[in-house]
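Structure at a glance
One-letter residues, chain by chain:
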Amino acid sequence: QKEVEQNSGPLSVPEGAIASLNCTYSDRGSQSFFWYRQYSGKSPELIMFIYSNGDKEDGRFTAQLNKASQYVSLLIRDSQPSDSATYLCAVNDAGKSTFGDGTTLTVKP
Amino acid sequence: EPEVTQTPSHQVTQMGQEVILRCVPISNHLYFYWYRQILGQKVEFLVSFYNNEISEKSEIFDDQFSVERPDGSNFTLKIRSTKLEDSAMYFCASRDSNVNTEAFFGQGTRLTVV
């Protein structure tokens, strides 16, 4: 069974710090990887996706992918209290996404 | 901005009753999905639908579940005889012609079975 594991939370960082969220996956053939943010009771909201090894930056967010290590991460720079949410890692296999349990991030003012 | 819309936002039903959850995917999208999330648990894949047929389904998607795209715009999930453990958020998602692109999620239907 294909698995997606995220670092256990909750994760708490002070405002302005860098938050680092990690995810590993079991299926070496996975092609695309997504980070979603989910607020309590709401639907997942896409933050970033990445297909290729290396880094991909979008504003304060950087996704990193290492296919050899089957590892994907999300860095949030200059964390804000509004970033407090659960972050979901999802691994895509021919359209079907397998989600991790999520890591809950709290950014303290 | 195009979005996936789901109705109703909240459905309460008695155990054993049938429910239909409705979704309108983004208009030019070709792949459609249902996921569910039991409170406090991970988002779980239920079923994918392409070209008017199921392309993949999970172990959760047993005979009591069915999906349909009745009129070319709506995409429905039917649960024939609801059980208490079907209580969850149900999310519809759609993506365009590239299966490796991001899926766009609707706001979800909270199903409560009493």
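As a reminder, the structure under discussion sits directly above these lines.
Since we're looking at a predicted model, the values are computed, not measured. (Residues numbered from 1 in each chain as written. Chains lettered and ligands numbered in written order. Predicted model: local features only at pLDDT ≥ 70, side-chain atom pairs only at ≥ 80, totals over all residues. Heavy atoms only, no water.)

With that out of the way, let us pick up the overall build of chain A. Helices and strands together make up the secondary structure of chain A, namely zero helices and eleven strands. Sequence-ordered secondary structure for chain A, helices as α and strands as β, is β-β-β-β-β-β-β-β-β-β-β. Rg of the C-alpha trace for chain A: 13 Å, near the compact-globule value of 13 Å for 109 residues, within the 12% margin. With respect to the principal axes defined by its C-alpha atoms, chain A has extents near 40 × 30 × 20 Å. Here chain A displays about 5,000 Å² of accessible surface, and carbon together with sulfur accounts for 47% of that area. (Helix = DSSP H or I, 4+ residues; strand = E, 2+ residues; numbered from the N terminus. Rg over C-alpha atoms; globule rule 2.2 N^0.38 Å. Areas by Shrake-Rupley, 256 points an atom, 1.4 Å probe, with all protein chains shown as cover.)

Right, let's talk about the pairing of strand β5 (residues 44-50) of chain B for a bit. Strand residues, when the strand is regular, have side chains that alternate between the two faces of the sheet. Residues and elements named next belong to chain B. The buried fraction of β5 amounts to five of the seven residues, a majority that puts the element mostly inside the structure. Across six bridges, the pairing between strand β4 (residues 31-37) and β5 is antiparallel. By the bridge assignment for β5, Tyr31 is matched with Tyr50. The sheet contact formed by β5 and strand β6 (residues 53-57) spans four bridges and is antiparallel. For Ser48, the partnering residue across the bridge sits in β6 and is Glu56. (Buried < 20%, exposed > 50% of the residue type's maximum accessible area, 1.4 Å probe, protein only. Pairing = 2+ DSSP bridges.)

What follows covers the sheet that holds strand β6 (residues 54-58) of chain A. The pairing of strands in a sheet happens through backbone hydrogen bonds and is either parallel or antiparallel. Residue and element names in this part refer to chain A. Judged by pairing direction, the sheet is antiparallel, and its five strands sit side by side in the order β1-β3-β8-β7-β6 without closing on themselves. Since the sheet does not close on itself, it has two edges, and those belong to β1 (4-6) and β6, each with one partner. Averaged over all neighbouring strand pairs, the angle between strand axes comes to 20°, with direction disregarded. Bridge count between strand β3 (residues 19-25) and strand β8 (residues 71-76): six bridges; the pairing is antiparallel. Residue Cys23 lies in a different strand from β8, and its bridge partner there is Val72. (Axes fitted to C-alpha atoms, helices over the stretch in contact; angles between N-to-C directions.)

Moving on, we come to the interface of chain A and chain B. Contacts between the two partners involve 22 residues from chain A and, on the opposite side, 19 residues from chain B. Both sides together, the interface formed by chain A and chain B hides about 1,600 Å², and carbon and sulfur atoms give 51% of it. The largest per-residue losses of area from chain A upon contact with chain B belong to A:Ser43, A:Lys96 and A:Phe99, which jointly make up 29% of the total buried on that side. Here chain A is connected to chain B by two salt bridges. If you look at where chain A meets chain B, you find eight residue pairs in polar contact (both at pLDDT 80 or more). Those elements that provide at least two residues to the side of chain A that touches chain B are β4 (32-38), β5 (45-50), β9 (85-93) and β10 (96-99) of chain A. Looking at the side of chain A that touches chain B element by element, the count peaks at four residues for β4(A). Tallied by class, residues from the side of chain A that touches chain B come to ten nonpolar, nine polar and three charged. (Contact = heavy atoms within 4.5 Å. Buried area = accessible area lost by both parts, 1.4 Å probe. Salt bridge = Lys/Arg side-chain N within 4 Å of Asp/Glu carboxyl O. Polar contact = N/O pair within 3.5 Å; in protein donor to acceptor, adjacent residues only side chain to side chain. Nonpolar A, V, L, I, M, F, W, Y, C, P; charged D, E, K, R; others polar.)

Residues and elements named next belong to chain B. Here Ser66 is to be found in strand β7 (residues 65-68). Here the alpha-carbon distance between Ser66 and Thr76, two residues ten residues apart in the chain, equals 8.2 Å. The contact partners of Ser66, leaving out residues within four places of it in the chain, are Phe61, Thr76, Leu77, Lys78 and Arg80.

All names here are of chain B. Taken in spatial order, the four strands make up an open sheet running β1-β3-β8-β7, and their pairing is antiparallel. Here the strands that pair on one side only, and so sit at the sheet edges, are β1 (5-7) and β7. Averaged over neighbouring strand pairs, the angle between their axes works out to 20° when direction is ignored. Bridging between β1 and strand β3 (residues 19-24) involves three bridges; their strand directions are antiparallel. Considered in β3, the bridge of Thr7 is made with Arg22.

Now for the nonpolar core. Of all hydrophobic cores here, the largest spans 23 residues; its most connected members are A:Phe33, A:Trp35, A:Val72, A:Leu74, A:Ile76, A:Tyr87 and A:Leu105. Those elements that place two or more of their residues in this core are β3, β4, β5, β7 (61-66), β8, β9 and β11 (103-108) of chain A. Beyond its immediate stretch of four places on either side in the chain, A:Val72 contacts A:Leu21, A:Asn22, A:Cys23, A:Phe33, A:Trp35, A:Ile50, A:Gln64, A:Leu65 and A:Cys89. Judged by nonpolar contacts, the second largest core, of 22 residues, contains B:Phe32, B:Trp34, B:Val67 and B:Tyr90. (Core = buried A, V, L, I, M, F, W, Y, C linked by side-chain atoms within 4.5 Å.)

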